[in-house]
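Topology and contacts: notes
Listed here are the chains, written in short residue letters.
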Amino acid sequence: DAGVIQSPRHEVTEMGQEVTLRCKPISGHDYLFWYRQTMMRGLELLIYFNNNVPIDDSGMPEDRFSAKMPNASFSTLKIQPSEPRDSAVYFCASSLPGARGIQYFGAGTRLSVL
Amino acid sequence: GQQVMQIPQYQHVQEGEDFTTYCNSSTTLSNIQWYKQRPGGHPVFLIQLVKSGEVKKQKRLTFQFGEAKKNSSLHITATQTTDVGTYFCAMGAGSYQLTFGKGTKLSVIP
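These notes cover the structure that comes with them.

About the criteria used
- Residues numbered from 1 in each chain as written.
- Chains lettered and ligands numbered in written order.
- Predicted model: local features only at pLDDT ≥ 70, side-chain atom pairs only at ≥ 80, totals over all residues.
- Heavy atoms only, no water.
- Helix = DSSP H or I, 4+ residues; strand = E, 2+ residues; numbered from the N terminus.
- Rg over C-alpha atoms; globule rule 2.2 N^0.38 Å.
- Contact = heavy atoms within 4.5 Å.
- Lys, Arg positive; Asp, Glu negative; His and termini not counted.
- Charge placed at Lys NZ, Arg CZ, Asp CG, Glu CD.
- Buried area = accessible area lost by both parts, 1.4 Å probe.
- Salt bridge = Lys/Arg side-chain N within 4 Å of Asp/Glu carboxyl O.
- Pairing = 2+ DSSP bridges.
- Axes fitted to C-alpha atoms, helices over the stretch in contact; angles between N-to-C directions.
- Disulfide = S-S within 2.5 Å.
- Buried < 20%, exposed > 50% of the residue type's maximum accessible area, 1.4 Å probe, protein only.

1. Concerning the overall build of chain B
Across its full length, chain B holds zero helices and eleven strands. Its helices and strands taken in sequence order, chain B reads β-β-β-β-β-β-β-β-β-β-β from the N to the C terminus. Relative to its length of 110 residues, chain B is compact, with a C-alpha radius of gyration of 13 Å against a globular reference of 13 Å. In terms of overall dimensions, chain B has C-alpha extents of about 40 × 25 × 20 Å along its principal axes. Partitioning the contacts of chain B with sequence separation of at least 6, the portion at a separation of at least 24 is 53%. Positive and negative charge centroids in chain B, built from 11 and 6 side chains respectively, lie 9 Å apart.

2. Some thoughts on the interface of chain A and chain B
It is common to report an interface's size as the accessible area lost on association of the parts. Taken together, the 25 residues of chain A in the interface contact 18 residues of chain B. Approximately 1,700 Å² of surface area, both sides summed, lies buried where chain A meets chain B, with 58% of it carried by carbon and sulfur atoms. Applying the counting criterion to the chain A and chain B interface returns zero salt bridges. Among the secondary structure elements, those contributing two or more residues to the side of chain A that touches chain B are strand S4 (31-38), strand S5 (42-50), strand S9 (88-95) and strand S10 (103-105) of chain A.

3. Side note on the sheet that holds strand S6 (residues 55-58) of chain B
Residues and elements named next belong to chain B. The five strands are arranged S1-S3-S8-S7-S6 in an open sheet whose pairing can be described as antiparallel. At either end of the open sheet lies a strand with only one pairing partner, and these are strand S1 (4-7) and S6. Going from strand to strand, the sheet's axes swing by 15 degrees on average, the running direction of each strand aside. Relative to strand S8 (residues 71-76), strand S3 (residues 19-25) is paired through six bridges, and the arrangement is antiparallel. Its bridge partner being in S8, Thr 21 is matched across the sheet by Leu 74.

4. Things to note about the state of the cysteines
One pass over the full model with this rule turns up two disulfides over all chains. A disulfide bridge connects Cys23(A) with Cys92(A), and the sulfur atoms are separated by 1.9 Å. Judged by the sign of its S-S torsion, about -65 degrees, the bond between Cys23(A) and Cys92(A) is left-handed. Here Cys92(A) lies in strand S9 and Cys23(A) lies in strand S3 (residues 19-24), a separation of 69 residues in the sequence. The burial state of Cys23(A) is the same as that of Cys92(A); both residues are buried. Between Cys23(B) and Cys89(B) runs a disulfide, and the two sulfur atoms are separated by 1.7 Å.

5. Observations regarding the pattern of salt bridges
Any two side chains of opposite charge can pair if their charged atoms end up close together. One pass over the structure, following the stated rule, counts ten salt bridges over all chains. Between Arg41(A) and Glu44(A) there is a salt bridge, with the nearest N and O atoms lying 2.7 Å from each other. The shortest N-O distance in the salt bridge between Arg60(B) and Asp83(B) comes to 2.9 Å. With a gap of 23 residues between them, Arg60(B) in the loop between S6 and strand S7 (61-65) and Asp83(B) in the loop between S8 and strand S9 (85-92) connect regions that are remote in the sequence. You can call Arg60(B) partly exposed: its relative accessible area is 23%. Overall, the relative accessible area of 5% leaves Asp83(B) in the buried class. Taken together, the salt bridges that share partners define one network made up of Glu62(A), Arg64(A), Glu83(A), Arg85(A) and Asp86(A).

Encoded structure:
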């Protein structure tokens, strides 16, 4: 299996622009997680899905952030409008049911908002 | 919300020295997991501990889960330069959601 695939790997955008991050989980994994990592705040859970349904979005910082999972093999995290404080590495992870929550991370998207 | 405290934040060791990082939770955990993130990389699962007092070993790495299931440690014997990275504990409290510690960044001086 190719593992969790994220795109793009790097994104540089200007403040106010819309940013869309993409994730393809490992086939057969029905939990999908979006994290944000910064030096100050560490690894923060933003939202997670089970069987394409959002279960907990309490970590989403504000209404500018939204996430969707239209099918079992694809999820997006959108920021609109983006702000410089959104600059971070965004990770997607997936998990197999019955594996006690062991998570497999993608390579991440490094976002820079200028 | 649930929080897990991880110490130290940074550790610099001479190659060959031992290294230990600790995690503490105020609540009883269902399990604790450890992940390693190499510089510029992504977190990679190392191990999961489930039972009270559990000890697991992976070559030079020893993982322990406290008797009360509120704390855990990772010990590396005789560090090597390949051990460089940030080590995270992640606590599970019954759901598939994990809460990650802030991590311990390990530097190994050759």
